[in-house]
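# Understanding the architecture of this molecule
Below, each chain spelled out in residue letters.
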Amino acid sequence: MALEMEGSYELPVSQQVAWAALNDAEMLKRCIPGCEELEKVSDTELKAVVVTKIGPVKAKFRGTVTLSDFNAPESYRIAGEGDGGIAGFAKGGAFVQLTPCESGTTLAYKAEAQIGGKLAQLGQRLVAGTAKKIADEFFKNFAEAVAQQETP
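Residues numbered from 1 in each chain as written. Predicted model: local features only at pLDDT ≥ 70, side-chain atom pairs only at ≥ 80, totals over all residues. Heavy atoms only, no water.

## Quick notes on the pairing of strand E6 (residues 89-101)
One ladder, built from nine bridges, connects strand E5 (residues 75-83) with E6; its direction is antiparallel. Bridging from a neighbouring strand, alanine 79 pairs with glycine 93 of E6. Where E5 hands over to E6, the hairpin turn is made up of five residues, of which glycine 85 adopts a positive phi near 65°. The pairing of E6 with strand E7 (residues 104-116) spans 13 bridges and is classified as antiparallel. Looking at the pairing, glutamine 97 lines up with alanine 108 of E7. Following E6, the chain reverses through two residues before pairing antiparallel with E7. (Pairing = 2+ DSSP bridges. Helix = DSSP H or I, 4+ residues; strand = E, 2+ residues; numbered from the N terminus.)

Right, here's the structure in full:
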């Protein structure tokens, strides 16, 4: 099952601060819903363990995240894949772009994902709704976290 999502969020910080936060493994770990582990393996690769629940299926995904196509401090591409055991698998990517605006920085993303296994049997509306909810929660958490980081 393929999913596509996009959105944008206003961040009350400079583009440089937002860029640094997007490249900070500890910051990302705090913001990703259900993230139990996020370890920086190299400048472009992270290993992650994330627990999520979609409808009746709860799964622990173990996987990797790779960052590429860096255009600091404006954009990068993020790609990841995870194995949720019996629940199935998920893989996908996103293009993330930061643009200065009056209130700070606009973060925009376009993402696509593929899922398989039990998760794919749940129905596209349930899965797409949950994926959008998780993305919104991440960006809300991220916006709050970077705003707090900026305030003395």
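## Section: the pairing of strand E3 (residues 45-54)
Buried residues dominate E3, accounting for seven of its 10 residues. Counting the residues between successive antiparallel strands, the hairpin from strand E2 (residues 35-40) to E3 contains four residues. Across 10 bridges, E3 lies against strand E4 (residues 57-71) in antiparallel orientation. If you follow isoleucine 54 over to E4, its bridge partner there is valine 57. The turn joining E3 and E4, which pair antiparallel and follow one another in sequence, is formed by two residues; a positive phi near 60° is taken by glycine 55. (Buried < 20%, exposed > 50% of the residue type's maximum accessible area, 1.4 Å probe, protein only.)

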